[in-house]
Amino acid sequence: MPQATFSPADLTITLPEDVVDDNVVERPGGGTLKELEREKKLLRKLGFSFFVFGCINNVLYVIILSAALDLVPPSTPKGIIAFCNIAPALVAKVAWPYVLKGRIRYTKRLLGCCLLSTLGMLVVALFDSLFMRLLGISLASFSSGLGELTFLQLSTTYVPPSIAGYGVGYFASGTGAAGLVGALLWWELRGLGVRTGVGLSSIMPSIIPLTYFFILPKASTFLYPTTPAYEEILSPPMTTEGLPYTPLAAAEDEVGEEEGSQPPGPKRGVALSINDKWRLVKPMLPKYMLPLFCVYLFEYTINQGIGPTLLYPVPSPEDHWLLSKIIHSVRDYYPLWQLVYQATVFLSRSSISLGIPALPTRFLPLPAIVQFVILTTLVYESAYGLFGENQEGLNVFFVFSLISVEGICGGLAYVNVFYRINHEPPDSSTANHDIERARQEREFKIGSVGFADSTGILFASILAVPTEIELCKAQVRRGKLLCKGL
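Think of each chain on its own: its residues are numbered from 1, step by step along the sequence as written. Reporting of local features is limited, given that this is a predicted model, to residues whose pLDDT is at least 70; pairs of side-chain atoms are given and counted only at 80 or more, and all residues count toward the totals for whole chains, interfaces and linings. Hydrogens and water molecules were not included; the side-chain quantities draw on all heavy atoms of the structure.

## Considering the overall build of the protein
Think of it this way: any DSSP run of H or I at least four residues long counts as a helix, any run of E at least two long counts as a strand, and we number them from the N terminus. Within the protein one finds 20 helices and two strands. Burial status across the protein gives 55% buried among its 486 residues. The contact criterion used is simple: two residues touch if any of their non-hydrogen atoms lie within 4.5 Å. Intrachain contacts of the protein at a sequence separation of at least 6 include 80% that bridge at least 24 residues. Accessible area for the protein stands at about 20,900 Å²; split by element, carbon and sulfur atoms hold 66% of it. Using a 1.4 Å probe on the protein chains alone, a residue whose accessible area is under 20% of its type maximum counts as buried, one over 50% counts as exposed, and one in between counts as partly exposed. Note on areas: Shrake-Rupley with a 1.4 Å probe; residue coverage comes only from the protein chains shown.

Shown next, in the form of structure tokens:
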């Protein structure tokens, strides 16, 4: 990752790629050590805040999926949990950016999401009926979808785009961590029972407003530097094209992030029309939405439809001493695939925050192409087998490797799509004449893409059921009966 060295203190600071490349200026009369440390602290607080937003917003989704077996009667198809856990989120991601107009009231929306998540988990915990639990899951899902949309849009309030991309990178890392944190939390809480375990989980959403109010730096902190050191580190132009830019207001009745700390905002009452939104969405359909949709369609078809059929005999300690310590029954294979997937998703979604350069825009379809190759390979492995039934170690290692690449591709697609959207320059003709419209266009563009991944997951949940059934039938036809014993 690029570094900038400041003289005479000889202090090296690692910053977001674009900040260093485009905005750092070396000057002999640089800022003091104290000032430089202050600015590094601001970036750390921004990254930490967005990491927490991503982790807490998504962790309830993972807890609900992990607790599916405990939440519904044995006779109830577990797919209904997955449907209620994704469909309301899809509604939120479509309705809010495409239907609602005007400025985003971030404070009110985040508080609303927090209350809705808490209410949903409490309904799940306090009621035993299937209808009420599905209602609670739906409320939490809607809140999670709206929350993800809101945090991605919140990142656009930070300029220059390198700072916005820095926030998105840590948000994506947090969403990846949610898979591991949620599964681990439910593993610890499930011993307390559904009521107590889910009830304790309902406390977690309160972490979001605490982080938002007390840790997250204001957008104006980065836009209006007040120290020489800050000017040396960031010193951003107002936009990537040199156009005037000011922080987005957190609510309609606010001038900006910190009232009185900036000049009066642009005129109010601006709202994007349906035609405006379609004009913005059209070029993003093949560029961002289609690759993201395909990645999630292939990824969740693998996880929900193919993964449960990737079963092998229990390894013996004599032949496979390491594998036998992990796999104790046939049922252990699917959780192993999920653990590998969640771990690699976390690592790849953290790529930007770890300093790995973002994928060029022209390579964004690449993860989807790789995912499709993995899907077809795993379908063949499940239905016919590649190495024979006596090669358990080789079969498991092969599937382990493909699932790892699957998780890496899924995480890279997510973080890079939103990172690149945040770096798209505004329409110069619009921004020159109406700054408020440029603000709303920037928010809408990143918010409008969110429904692509949820749509892919929803379609995958529909495809997964017949896929699993047909693959199990194919295994039975060749004499492999493991899937029938689950």
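Picking up after the structure, the text goes on.
## Comments concerning the environment of Val-270
Its location among the elements puts Val-270 in the loop between helix H11 (228–233) and helix H12 (274–281). A relative accessible area of 11% places Val-270 in the buried class. Taking the C-alpha atoms as reference, Val-270 lies 6.8 Å from Glu-436; in sequence the two are 166 residues apart.

## Quick look at the side chain of Asp-453
Take Asp-453: it is sitting in helix H20 (residues 450–477). On the basis of relative accessible area, Asp-453 is assigned to the buried category, the value being 4%. Of note is the side chain of Asp-453, whose polar atom sits 3.4 Å from the side chain of Lys-93. Non-local contacts of Asp-453, meaning those with residues more than four positions away in its chain, are made with Lys-93, Glu-148, Leu-292, Tyr-296 and Tyr-414. Polar contacts, as counted here, are pairs of nitrogen or oxygen atoms within 3.5 Å of one another; within protein the pair requires one atom able to donate a hydrogen and one able to accept it, and residues that are adjacent in sequence qualify only if both atoms are side-chain atoms.

## Focus on the nonpolar core
Soluble globular proteins: nonpolar side chains tend toward being buried together. To define a nonpolar core, start from buried Ala, Val, Leu, Ile, Met, Phe, Trp, Tyr and Cys residues and group those joined through side-chain atoms within 4.5 Å. If you look at the biggest cluster of nonpolar residues, it comprises 107 residues, and the most contacted ones within it are Phe-53, Leu-71, Leu-378, Phe-418 and Val-449. Those residues in contact with Val-449 that lie beyond four places of it in its chain are Met-284, Tyr-288, Met-289, Leu-292, Val-417, Phe-418 and Ile-421.

## Some points on the state of the cysteines
Count a disulfide wherever a pair of cysteine sulfur atoms falls within 2.5 Å. Scanning the model with the defined rule gives one disulfide in all. Put simply, Cys-472 and Cys-483 are joined by a disulfide, and their sulfur atoms are 2.1 Å apart. Looking along the S-S bond of the Cys-472-Cys-483 disulfide, the torsion reads about 85 degrees, which is the right-handed sense. Placement of the pair is Cys-472 in helix H20 and Cys-483 in the segment after H20, with a sequence separation of 11 residues. Overall, the relative accessible area of 12% leaves Cys-483 in the buried class.

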